[in-house]
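# A closer look at the structure
Next come the chains, spelled out residue by residue.
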Amino acid sequence: MRAARYDRYGPPEVLYEGTLPKPVAGPGEVLVRVHAASVNGGELLGRAGKVRLITGRRFPQGTGIDFAGEVAALGSPMPGLMVGDRVWGLLPRASFGSIAEFVAVRPRQLALAPAGLDPAQAVSLLAGGTTSITALRDKARLRAGERLLVRGASGGVGSVAVQLGRAYGAHVTALAGARNLGFVRDLGAHEVFDYATTGPADLGPFDVVLDTAIGTELGAFRRLLAPGGRMVSITFDSRHMLSSLSYILASTVFGTRRVRFFSGNPTHRLLADLTRLAENGALRPVVDTIHPLADIAEAHRALEAGGVRGKHVIRIG
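Now for a description of the structure that goes with this document.

About the thresholds
Residues numbered from 1 in each chain as written. Predicted model: local features only at pLDDT ≥ 70, side-chain atom pairs only at ≥ 80, totals over all residues. Heavy atoms only, no water. Core = buried A, V, L, I, M, F, W, Y, C linked by side-chain atoms within 4.5 Å. Buried < 20%, exposed > 50% of the residue type's maximum accessible area, 1.4 Å probe, protein only. Helix = DSSP H or I, 4+ residues; strand = E, 2+ residues; numbered from the N terminus. Contact = heavy atoms within 4.5 Å. Phe/Tyr/Trp six-rings, centres within 6.5 Å; stacked < 30°, edge-to-face > 60°. Pairing = 2+ DSSP bridges.

Take the nonpolar core next. Counting residues in each nonpolar core, the largest one holds 46 residues, and the members touching the most others are W88, L136, L148, V162 and V184. At the level of secondary structure, the elements contributing two or more residues to this core comprise β6 (86-90), α3 (119-139), β9 (147-151), α4 (158-167), β10 (171-176), α5 (181-187), β12 (206-211) and α8 (268-279). Ranked by the residues each element gives to this core, the list is headed by α3, at nine residues. Non-local contacts of L148, meaning those with residues more than four positions away in its chain, are made with L136, L142, A161, G165, A170, H171, V172, T173, F206, V208 and L210. Core analysis: the next-biggest nonpolar cluster, separate from the first, contains 29 residues, A4, Y6, L81 and L91 among them.

Shown next as structure tokens:
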């Protein structure tokens, strides 16, 4: 089968379309024919060799964490799931390789895909949607009427978080690049600001701050929290990894305005929640560009260049 691969750590150019043996669904597994996957920030770090404690030193390696497609085979009978069903899902934590024609996963890693969305649209919501639900609903416990700030509001996570915050009844303030301010406002943000000209001193206070950007200035944004406020960071400053991670870890324990940090590992229940939100119109997909599998390197380059609106999607089959 065709799959995105790389034989060494490095820039996007190390990526190529290679071949692998088609996986087989073992007992208790589902074989999914993948039609689309997306490119996420964690995959850029993995390919560049910045998280080698996770990715290791064995090559070749694959990339991709999410997928939308259809059930190709069942390793054993499974109630509520049949060959041909449209599904979407994510690989287990710290696993890469969904940008391939087939993946074999446990049923806890997938759910029925939203009706009315094609695979490219569906997969554009997946990683950002599960991350946003976990961050805002489960970690921050965002409530109606609260003030929410979303950093990186036009990206794959931020574009969903803005919509979800609005659906939860929050007053949403968004930081994004100048050319994306109108786009973010159309997603439902009440207030939008250019991150290049608006600093933490120009903002606040907020009940919840969600940092989906590059993990810089965490202390300054943390100080924007009102009493009882919560901050959730889903990223860290990869240029100063040790100090960034140390600050996040310390702030989860000390102080009155603690930072929540998590590594996502979505299960069937969370994916099913996201399916319902997509089907009832609370969330709409945002696809920046659809790339063929052969252009995986270009998709990584485009995401690294910044200014993305939603997701860069890889069409596979």
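For the rest of this paragraph, the subject is the packing of aromatic side chains. By the definition in use, this model includes three aromatic pairs. Taken together, a centroid distance of 6.2 Å and an interplanar angle of 45 degrees make the contact between Y6 and Y9 tilted. Like Y6, the residue Y9 is buried in the burial classification. With centroids separated by 4.9 Å and ring planes inclined at 75 degrees, the aromatic side chains of Y9 and F59 adopt a geometry described as edge-to-face. Taken as a pair, Y9 in the loop between β1 (2-6) and β2 (15-19) and F59 in the loop between α2 (52-55) and β4 (61-62) lie far apart in primary sequence, 50 residues in all. Judged by relative accessible area, which is 12%, Y9 ranks as buried.

Attention shifts here to the sheet that holds β1. Whether parallel or antiparallel, the strands of a sheet pair through hydrogen bonds between backbone atoms. Judged by pairing direction, the sheet is antiparallel, and its three strands sit side by side in the order β2-β1-β4 without closing on themselves. Edge positions in the sheet fall to β2 and β4, since each has one partner strand and no second. As paired elements, β1 and β4 share two bridges and run antiparallel to each other. Looking at β4, one finds that R5 is bridged to G62.

Everything listed here is a matter of geometry and, on its own, says nothing about what the molecule does.
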